[in-house]
Amino acid sequence: MPYSYDDQNIFAKILRGEIPNDTVLETGHSLAFRDIHPQAPTHVLVIPKGAYVCYDDFAQNASDAEILDYTRAIGEVCRLMKVEENGFRLIANAGTAGVQEVPHLHVHILAGRPLGRMLAPA
Ligand code: 5GP
């Protein structure tokens, strides 16, 4: 399905420098910054700089260079935040059922406490 990108979403504003952020890593095609409402001691969001709504949109429509950069950036943030030893979780919410609040692709990197089972009971 084609995705329609809303360039007024909060992460688009962060990318344009209209809203401040606590940057952890910036690469050619990606930006990582701390979540404003952290759910764990480490809670970093990694976003592509390109206008992609969700992971499916990105996987279908991003260039190989963007996909490589984004994938490597997520790994680099894990190393920077030193989360490999005790473990971490990556989450990419999408759409209504996924309860995606901000319609610009982002991966949450969560770590620093036991994170429980993957899904809470409905
Ligand atoms: P989603 O539910 O879309 O997967 O997650 C969106 C995340 O963005 C939430 O964890 C929320 O706390 C975070 N967020 C929303 N607005 C801002 C903001 O202005 N700055 C930062 N750093 N994070 C934000």
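What counts and how
- Residues numbered from 1 in each chain as written.
- Predicted model: local features only at pLDDT ≥ 70, side-chain atom pairs only at ≥ 80, totals over all residues.
- Heavy atoms only, no water.
- Near = heavy atom within 4 Å.
- Polar contact = N/O pair within 3.5 Å; in protein donor to acceptor, adjacent residues only side chain to side chain.
- Areas by Shrake-Rupley, 256 points an atom, 1.4 Å probe, with all protein chains shown as cover.
- Helix = DSSP H or I, 4+ residues; strand = E, 2+ residues; numbered from the N terminus.
- Nonpolar A, V, L, I, M, F, W, Y, C, P; charged D, E, K, R; others polar.
- Buried < 20%, exposed > 50% of the residue type's maximum accessible area, 1.4 Å probe, protein only.
- Pairing = 2+ DSSP bridges.

Draft legend 1. Structural view of the site of the ligand. Neighbouring residues of the ligand: 16 residues in total, closest Asp 35, Asn 93, Glu 101, His 106 and His 108. Within the contact set of the ligand, an oxygen atom lies 2.5 Å away from a side-chain nitrogen or oxygen of Asp 35. A distance of 2.8 Å separates an oxygen atom of the ligand from a polar atom in the side chain of His 108. Surface burial for the ligand is 87%, taken as the share of its 520 Å² of free accessible area covered by protein chains. Where the shell around the ligand is concerned, the elements lending two or more residues are helix H1 (10-15) and strand E2 (30-34). Of the residues contributing to the shell around the ligand, the split by class is 8 nonpolar, 5 polar and 3 charged.

Draft legend 2. Local environment of the pairing of strand E3 (residues 42-48). Where burial is concerned, most of E3 is hidden: 7 out of the 7 residues are buried. Burial of the side chains of E3 extends over both faces: Thr 42, Val 44, Val 46 and Pro 48 are buried on one face and His 43, Leu 45 and Ile 47 on the other. Sheet topology note: the E2/E3 ladder contains 5 bridges and is antiparallel. Counted as the bridge partner of Leu 31 is Ile 47 from E3. As paired strands, E3 and strand E5 (residues 107-111) are joined by 5 bridges and run antiparallel to one another. The residue bridging Val 46 from the neighbouring strand is Val 107, located in E5.

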